[in-house]
Amino acid sequence: MPLLIIFILVPMAELAVLIKVGSAIGVLWTLALIFLTAIIGVHLLRQQGLATLMKANERMQQGALPAQELAEGFLLALAGALLLTPGFLTDAFGFSLLMPGVRGTMAQSIMKRFKPQVMNPFEQPGGQPGGQGSPFQQRPGSDDRRGGDVIEGNYKRED
């Protein structure tokens, strides 16, 4: 439902702003301004996108997951879509996403909201390994003379 409201309210607000600006400065100047913001936005988007890609590459070479850079990349894609959409409100929001501080804060918010909750299936609720069904659990009565974990299994030889 909120998405439907966004798809209805944003175009209505854009139309209202375009009509006001068009009546104040004229239709041709309004169209020229929309075209200019799209060109400037694409140029800035290219610069910010390459910088984010370089940071992601650097993080991967360090062996770290570039989660922040991926979230920022998503926001840059959103900024590009907003900047190419005709209108001043979408351009304002798109330009704000091109600012590294705003984009970084929003990326942190996205990462907190969508942080995966990964749990080891062999971990007990207290965080100790060897929970029920663990293949590394010592079985009662097993005779392990080496003192290590025993993994039991079956095999079938096929010639």
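### Points about the overall build of the chain
Scanning the chain from N- to C-terminus turns up five helices and zero strands. The buried share of the chain, taken over its 159 residues, is 22%. Counting only carbon and sulfur atoms, one obtains 66% of the accessible surface of the chain, whose full area is about 12,400 Å².

### Looking at the packing of helix H3 (residues 67–84) against helix H5 (residues 100–113)
Between H3 and H5, the shortest axis-to-axis distance is 9 Å and the interhelical angle comes to 115°. As far as their axial angle goes, H5 and H3 are roughly perpendicular. Judged by the sense of rotation from one axis to the other, the crossing of H3 with H5 is right-handed. For the pair H3 and H5, contact is made by Ala 67, Gln 68, Ala 71, Glu 72, Phe 74, Leu 75 and Leu 76 and by Arg 103, Gly 104, Met 106, Ala 107, Gln 108, Ile 110 and Met 111, respectively. A per-class count over the contact of H3 with H5 returns nine nonpolar, three polar and two charged.

### As for the confidence of the model for the chain
Chain-level statistics for the chain give a pLDDT mean of 81 and a share of 79% at 70 or above. Per-element confidence in the chain ranges from a low mean pLDDT of 88 for H5 to a high of 93 for helix H4 (residues 88–98).

### Comments concerning H3
With 18 residues, H3 should cover 26 Å at 1.5 Å per step; its first-to-last C-alpha distance of 26 Å lies within 8% of that length. Looking only at H3, the buried set comprises Gln 68, Glu 69, Ala 71, Glu 72, Leu 75, Leu 76, Ala 79, Gly 80, Leu 82 and Leu 83. At its buried positions, H3 is contacted by helix H2 (27–61), H4 and H5.

Analysis parameters
Residues numbered from 1 in each chain as written. Predicted model: local features only at pLDDT ≥ 70, side-chain atom pairs only at ≥ 80, totals over all residues. Heavy atoms only, no water. Helix = DSSP H or I, 4+ residues; strand = E, 2+ residues; numbered from the N terminus. Buried < 20%, exposed > 50% of the residue type's maximum accessible area, 1.4 Å probe, protein only. Areas by Shrake-Rupley, 256 points an atom, 1.4 Å probe, with all protein chains shown as cover. Axes fitted to C-alpha atoms, helices over the stretch in contact; angles between N-to-C directions. Parallel < 35°, antiparallel > 145°, perpendicular 65-115°, else oblique. Left-handed = near helix turned anticlockwise from the far one by under 90°. Contact = heavy atoms within 4.5 Å. Nonpolar A, V, L, I, M, F, W, Y, C, P; charged D, E, K, R; others polar. pLDDT = per-residue confidence, 0-100. Expected span 1.5 Å × (residues − 1).

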